[in-house]
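For reference, the chains in residue letters:
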Amino acid sequence: MSAPHPAPVTPPRQDHAFHLYDTTLRDGSQQEGLTLSVADKLAVARLLDELGVTYIEGGWPGAVPKDTEFFRRAQHELTLHSARLAAFGATRRAGVRVEEDEQVRALVEASTPTITLVAKSDIRHVHGALRTTGEENLAMVRDTVAHLVGLGREVFVDAEHFFDGFRADPEHATAVALEAFAAGAAAVVLCDTNGGMLPHDVAEIVAELRSRLEAAGAGEGRLGVHTHNDSGCAVANALTAVRGGITHVQGCVNGYGERTGNADLVTMLADLQLRMGVELVPAESLGEATRIAHAIGEIVNMAASPRAPYVGASAFAHKAGLHASAIRVDPDLYQHIDPRLVGNDMRMIISEMAGRASIELKGRELGFDLTGEKALLARLAARVKQREAEGYSYEAADASFELLLLDEMGRVPRYFEVESWRTTSHQLRDGGLETEATVKLAPSPTAGDDDAAGRRTVTIAEGNGPVNALDTALRAALRSRFPQVDDFELIDFKVRILDAHHGTDATTRVLVRTAGLGLEFQTVGIGPNLIEASWEAITDAYTYGFHKAGI
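Structural notes, computed from the coordinates. (Residues numbered from 1 in each chain as written. Predicted model: local features only at pLDDT ≥ 70, side-chain atom pairs only at ≥ 80, totals over all residues. Heavy atoms only, no water.)

Examining the overall build of the protein
The secondary structure content of the protein amounts to 18 helices and 16 strands. Dimensions of the protein along its principal axes, counting C-alpha atoms only, are 90 × 60 × 45 Å. The buried share among the 551 residues of the protein stands at 52%. The contacts in the protein between residues at least 6 apart in sequence include a share of 69% that link residues at least 24 apart. Surface accessibility of the protein: about 24400 Å² in total, with carbon and sulfur atoms responsible for 49%. Considering the protein, the positive charge centre built from 53 side chains and the negative charge centre built from 77 side chains are found 2 Å apart. (Helix = DSSP H or I, 4+ residues; strand = E, 2+ residues; numbered from the N terminus. Buried < 20%, exposed > 50% of the residue type's maximum accessible area, 1.4 Å probe, protein only. Contact = heavy atoms within 4.5 Å. Areas by Shrake-Rupley, 256 points an atom, 1.4 Å probe, with all protein chains shown as cover. Lys, Arg positive; Asp, Glu negative; His and termini not counted. Charge placed at Lys NZ, Arg CZ, Asp CG, Glu CD.)

Remarks on unusual backbone geometry
Residues other than glycine predominantly adopt negative phi, and peptide bonds predominantly adopt the trans conformation. For S111, which is not glycine, the phi torsion reads 65° and is therefore positive. Inspection of the secondary structure assignment puts S111 in the loop between helix 3 (102-109) and strand 4 (114-120). Phi angles above zero are rare outside glycine, and Y310 is one such case at about 70°. You can see Y310 is positioned in the loop between helix 12 (289-300) and strand 9 (317-318).

Description of the pattern of salt bridges
In total, this model carries 33 salt bridges according to the counting rule given. A salt bridge links D27 to R26, with the nearest nitrogen and oxygen atoms 3.5 Å apart. We classify D27 as buried; its relative accessible area is 5%. In this structure R26 comes out as buried when scored by relative accessible area, which is 12%. Salt-bridge contacts for R84 lead to E154; the nearest nitrogen and oxygen are separated by 3.3 Å. Pair noted here: R84 is in strand 3 (residues 84-90) and E154 is in strand 5 (residues 154-160), with a separation of 70 residues, a long-range link. On the basis of relative accessibility, which here comes to 0%, the residue E154 falls in the buried class. Among the charged side chains, a salt-bridge network with shared partners connects R379, R383, D407 and E408. (Salt bridge = Lys/Arg side-chain N within 4 Å of Asp/Glu carboxyl O.)

Quick word on a nonpolar patch on the surface
Taken together, the side chains of V495, I497 and L530 make up a nonpolar region of the molecular surface, amounting to roughly 230 Å² of accessible area. Classification of V495 by relative accessible area gives partly exposed; the value is 42%. (Patch = residues over 30% accessible without salt bridge, like charges linked within 9 Å, V, L, I, M, F, W, Y side chains within 5 Å.)

Encoded structure:
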């Protein structure tokens, strides 16, 4: 005798005006290289709830042991304030009574108020994958939905391969939706599982389906859409479906998902609320979208794309001088929304394309009022163009640009004076490599005799390669003068060969990311070799860090 079915956590939600349904924890986790632990899934679910989504699909209990564990722990460890948790699974198997189907039982035991069932709606899949008849497929949908609704659950039906199936056999695809509604489904979700539809395809099929449903007396049933991005149209297809009357959209944060991904849930949310007037979440929740998208990217170890709409680091970044001149007059001239509405910010990129307006705006962004400083702005613009021609890039190195600005203003701090540095590597008899660096700091001319800065400092250090050895030696030399140096840590190191056709004689650019004392910033260095470029980036990092920390 089976155990009694757990009761739903909350009553079914049938009348919510519009559903924003997230499937990051299930469909998103099918992305190549994306693996979530149970703790990861719980953390992501809390962030999704903070964003204000209507539903969070947690996974497939019974089929995936980790998902079963997630739902078990969620009952005690996950408190949701705006979202409802949904379990995902399949209709009963062909030829098996619904009460005896183990997968259906696992869905019930997950104890979620909402259950989403995947059902075949393409007759070709019914015959080829399920190896059953169209009539049995309809019975599988009808029996499973009715069974779960009878237990008090809100049930959605994901009509898999719906758009392709409708083209192949519109009668069977429509019949799947009709059976689901007749059995009590709260929504039937039309899935572009292969991701090959274009917006006009979606518009035509949604309109035809609605006409057929109305003719059958089921025109009031809620329709949803689940799109994939194989044609590059996932978000556009979903929005087209909404224009066609659909009121339930599914997607994944940052567009995660199998192959080319799912519709980006955050992009859809912003499009619907800011561009189409569909009120989905409170304005303050939408204002956290950028932070939440990037936080989820950190948890899943797949950062949000810099070019992601609305929340990407480059979404409101402006590089060309012509744009900057207009933005100085009115930011809305080159921005489709106020970036603060989604928690992002306008950013000026300093490059060889930058004019005085770009630099003035960038200075304002960094806390410097350069209004009216025409001579300074002209010198800075000329210097930036010259240095970019040499290979420097300030697009991702705001710290280096700020040091350049301070230098032109005669305010660059000089915490230490490097007398010389060198590094050597030699191979040992056993094949190992030993690297050593020597750094000499000159006495500071402003220091007193008893001050550590008033004495010449010489340090020698070993390291894992020449750059690490130099960094270690420099830190040792600075420690007696600035013990705060130990609070800073190099957290990322990127190398780019600028003129590769020169071979080993090519110019090298190094970008260093440093964190410490509540700061995180990037500096850039250029040199005829990796070591010289790294030395410039590292020394600038300590200078900038000390300056911003008020040392």
